[in-house]
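Each chain is listed here by its residues.
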Amino acid sequence: MALELCVRLWTRRAVCIGVSALLAACGGGGDDSEPAGTDISVTQPEAGPAPLPPGVPPMPAPPDPPQDPTPETPETPETPVVPTEPQPIPPIPDPEPPIETEVITRESVLKAQARVYAEALWKSAETLDPGRALPVNKSCMNAQGVASPVGWVFTGNLGQFIWNVTAARDLGLLDAAEAQRRVARHLSSLAVLQETARRNGAPGGLFHGTTDNRTAVPGGDVGSIENAWLAVSLAMAKQAYPALAAQAGAILGQMRFETMVHPQKQQYEISFNPKTQTFSGMTYGLLGETRLLAYAGIALGTVPRSQYFSIARVPSWSERSPDPAKFRTYEGVRVYEGTRSYGGLHFMPTNGGSVFESFAVPVVISESRWGPNSWGRSHPNMAKTQIKYGLDTFGYWGFSPASVPATAGYTEYGTPPASLGGSGYNPRGQHTASRAGPVVSLYSVLLLIEEEPEAVMANMKKLLDNFPTLNHPQYGLMDSVDVENGTVSKCLLAGNVGWALGAVTNYLTDGKLRGYVDKEWGHALQPLLEIEEFSIPAQA
């Protein structure tokens, strides 16, 4: 019997600013021709004799055994056959209960499929590390169908490099000694980048937002969220590589996130210009991706726990009639615990309503486990909302900021009902000039693998069956596809690859990748998250 699992197969960063979005530009490109795809299959071999090595003749069949002569015996009269009572057949032991057997079998099938996706994503991650001083932010196929990397990388991507390598090691895709060698070399580069940023006027041991990945020369403003993604990756490295803990800890210990907190608002500034020594003047005010900033500062002990509650959930001003029962006070901060709903499912909305805004952070932070009455209630409902909206509207789901398939540009995509205001990011593209059909990104789908594995596998299969060039035989999983006209992106985005590979690795290893951060930061974050209760009914 054969089990065939076929897989035919950033950039600009989207962030929340109060209730509006920032979009940072990125380069790269490629034409619109589609390379031929191939199947990645996991097949159980059929039983049969093993083939002989070349040049070895078959062994001759053994001779028939000699026949001993049998002496003739005189005939005897036949004895009448007396009927006997039939003997009862021994009872066959009962098998395992059918439900348990089905669950076990189904889980093994799902994990086998997820393993194939992890291997393809590792191909993509390796493509984004083309042997330069540092990995790249983005790589798109040129007119000849060859991956052409951009010349820069986001600071957050530098952090994701660590967890990509760690994921590959933990999945057996990369030798442990080689993984440690790569991370050690990377940490040495980060130490130099940190010192350069300090000399350039960056505050509190934080990094410039981007770096030339060929020369390792950093530049640009200090982006607070980029530094948060790097910080959580360094926390991971401390636990995943004990021999490198001091090296990673020396970098992490210099990162002072309180330098980016607005003193009156107690919210994080978006960026800081080292040349002019000024902040952008805008802060992150909603619980999107940027809640990771709160976690990093609090876990490192430089920001008070109250800062997390200074980020608006659903602001009371956004409600037609605020419910007095939804006001609660945590750490001396009055919080309005409003929510939104879709199809009877209540959840914590985000600015744009994308999968990414809700589910990128859980790749590295155990929100559902540490906050059972907050994120533990919201995340399952948000996952179901993302799936239901997509299937009901387009037949596919998975909308997040991603590559524009037709142009190799970048824009935000989202699920409007999952947003704060109900309009959110447009699933056809946030910017009118680049709108076409609804664009699904594979990382958006895979980010939900721990919440809804069966729905993820069904959506992935449908996407890869119908748009086979999403799987490139050499470069792995492409970023996105216009599910209306069939145009497939020819680009890989480092952020999206990293989040997808992290999510799939957690699914396959029961949260091992996230577990490294648990060991490093759990003592600070679990007591923080477990005190909050969203106004969402507890699940049965």
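Predicted model, so just to flag it, every value in this text is computed and none were measured.

Asker: Please clarify how the overall build of the protein chain should be interpreted in this entry.
Answerer: Helix and strand counts for the protein chain stand at 14 helices and 23 strands. Out of the 540 residues belonging to the protein chain, those deemed buried represent 54%. Here the protein chain has roughly 23,500 Å² of accessible surface; of this, 55% comes from carbon and sulfur atoms.

Asker: Help me understand the sheet that holds strand β12 (residues 278-279) in this model?
Answerer: Picture the strands of a sheet paired through backbone hydrogen bonds; they go either parallel or antiparallel. With respect to topology, three strands assemble into an open sheet ordered β10-β11-β12, the strand pairing being antiparallel. At either end of the open sheet lies a strand with only one pairing partner, and these are β10 (222-223) and β12. Two strands pair when backbone bridges link them, and strand β11 (residues 271-273) and β12 are joined in this way by two bridges, in the antiparallel orientation. When the sheet's bridge partners are listed, asparagine 273 is paired in β12 with threonine 278.

Asker: I would appreciate a short explanation of the packing of aromatic side chains in the present structure.
Answerer: For any pair of aromatic rings, the description rests on two quantities: the centre-to-centre distance and the angle between the ring planes. This structure, assessed with the given rule, holds 16 aromatic pairs. Considering the side-chain rings of phenylalanine 272 and phenylalanine 279, the 4.9 Å spacing of their centres and the 65° angle between planes classify their relative orientation as edge-to-face. The class of phenylalanine 272 is buried, set by a relative accessible area of 5%. For phenylalanine 279, a relative accessible area of 36% puts it in the partly exposed group. With a centroid separation of 5.8 Å and an interplanar angle of 50°, the aromatic rings of tyrosine 396 and phenylalanine 467 are classed as tilted. Of this pair, tyrosine 396 sits in the loop between α10 (375-393) and β17 (402-403) while phenylalanine 467 sits in the loop between α12 (453-466) and β20 (471-472), and the two are 71 residues apart along the sequence. Overall, tyrosine 396 belongs to the buried group, its relative accessible area being 8%. Connected via pairs of aromatic rings, a cluster forms that spans Trp163, Trp229, Phe356, Tyr443 and Trp499.

Asker: Can you help me understand the pattern of salt bridges in this one?
Answerer: Pairing between side chains of opposite charge can happen when their charged atoms approach one another. Evaluated as defined, the whole model comprises 24 salt bridges. A salt bridge links lysine 238 to glutamate 520; the nearest nitrogen and oxygen atoms lie 2.8 Å apart. Of this pair, lysine 238 sits in helix α4 (residues 224-240) while glutamate 520 sits in helix α14 (residues 512-529), and the two are 282 residues apart along the sequence. Accessibility expressed as a relative area gives 23% for lysine 238, which makes it partly exposed. Salt-bridge contacts for arginine 340 lead to glutamate 319; the nearest nitrogen and oxygen are separated by 2.9 Å. Of the two residues, arginine 340 is situated in strand β15 (residues 340-342) and glutamate 319 in the loop between α7 (306-309) and β13 (327-330); the sequence distance between them amounts to 21 residues. As far as burial versus exposure is concerned, arginine 340 and glutamate 319 are alike and both buried. One network of salt bridges, in which partners are shared, links Glu126, Glu178, Arg181 and Arg182.

Asker: Quick question: what am I supposed to make of the sheet that holds strand β9 (residues 217-219) here?
Answerer: On the basis of which strands lie adjacent, the open sheet formed by three strands has the order β7-β8-β9 and antiparallel pairing. Looking at strand neighbours, the two that pair on one side only are β7 (152-154) and β9, the edges of this open sheet. Strand-to-strand twist across the sheet, computed as the mean angle between neighbouring axes with direction ignored, equals 30°. Bridge analysis of β7 against strand β8 (residues 210-212) gives three bridges, and the strand direction is antiparallel. Considered in β8, the bridge of tryptophan 152 is made with aspartate 212. Packed on one face of the sheet, helix α2 (residues 155-170) meets β7 and β8 and runs near 80° to β7.

Asker: Would you take a moment to explain the packing of α2 against helix α3 (residues 176-199) for this structure?
Answerer: When two helices pack together, their arrangement is given by the angle between the helix axes and the distance between those axes. Two elements in contact, α2 and α3, have axes whose closest approach is 9 Å; the angle formed by their N-to-C orientations is 170°. The angle between α2 and α3 falls in the class roughly antiparallel. Counting all contacts with α2, which are made through Leu158, Phe161, Ile162, Val165 and Arg169, the residues of α3 involved are Ala176, Ala179, Arg182, Val183, His186, Leu187, Leu190 and Leu193.

Asker: Help me understand the nonpolar core, please; the structure alone is not making it clear to me.
Answerer: Generally speaking, soluble globular proteins have nonpolar side chains that are buried together. Counting 138 residues, the largest nonpolar core has Tyr308 and Ile365 as the members making the most contacts within it. The greatest single-element share of this core, amounting to eleven residues, is contributed by α4. In this structure isoleucine 365 touches Val232, Leu292, Tyr295, Trp370, Arg514, Val517, Trp521 and Leu525, once residues within four positions along its chain are discounted.

Asker: Explain α12 here, please?
Answerer: Note that an α-helix has 3.6 residues per turn; residues three or four places apart therefore point the same way. In a regular helix each residue adds 1.5 Å, so 14 residues correspond to 20 Å; α12 covers 20 Å between its end C-alpha atoms and thus fits that length. Those residues of α12 that sit buried are Val456, Met457, Asn459, Met460, Leu463 and Leu464. All buried residues of α12 fall inside an arc of 165° around its axis, so they share one side.

Asker: I would appreciate a short explanation of unusual backbone geometry in the present structure.
Answerer: Generally, phi is negative for residues other than glycine and the peptide bonds are trans, each holding for most cases. Of note in the backbone geometry, glutamate 331 takes a positive phi value of approximately 50° without being a glycine. For glutamate 331, the position within the fold is in the loop between β13 and β14 (333-336). Positive phi values are uncommon outside glycine, yet aspartate 510 reaches one of about 55°. Within the secondary structure, aspartate 510 sits in the loop between α13 (494-508) and α14. The exposed category is assigned to aspartate 510, whose relative accessible area is 68%.

Conventions we followed
Throughout this description, residue numbers start from 1 for each chain and increase along the sequence as written. Totals for whole chains, interfaces and linings use all residues, but because this is a predicted model, local features are given only for residues with pLDDT of at least 70 and pairs of side-chain atoms are given and counted only at 80 or more. Note that water and hydrogens are dropped before the side-chain values are worked out from all heavy atoms of the structure. Put simply, DSSP marks the helices as runs of H or I at least four residues long and the strands as runs of E at least two long, and each gets a number from the N terminus on. Relative accessibility under 20% of the residue-type maximum defines a buried residue, over 50% an exposed one, and the middle range a partly exposed one, all with a 1.4 Å probe and only protein chains included. Only the protein chains shown count as cover for residues, and all accessible areas are computed by the Shrake-Rupley method using a 1.4 Å probe. In short, DSSP must find at least two bridges between two strands for them to pair. Each aromatic pair joins two rings of Phe, Tyr and Trp (for Trp, the six-membered one) with centres within 6.5 Å, and gets the label stacked for planes under 30 degrees apart, edge-to-face for over 60, and tilted for any other angle. The term salt bridge refers to a side-chain nitrogen of Lys or Arg lying within 4 Å of a carboxyl oxygen of Asp or Glu. For helices, the fitted line uses only the C-alpha atoms of the stretch in contact; every axis is such a line through C-alpha atoms, and the angle between N-to-C directions lies from 0 to 180 degrees. In what follows, residue pairs with any heavy atoms lying within 4.5 Å of each other are defined as contacts. Put simply, angles under 35 degrees are roughly parallel, angles over 145 are roughly antiparallel, angles from 65 to 115 are roughly perpendicular, and the rest are oblique. Working definition of a nonpolar core: buried Ala, Val, Leu, Ile, Met, Phe, Trp, Tyr and Cys residues. They are joined through side-chain atoms within 4.5 Å. How far a helix is expected to stretch is found by multiplying one less than its residue total by 1.5 Å. Along the arc lie the directions from the helix axis toward the C-beta atoms.

Read these as spatial facts, not as claims about activity.
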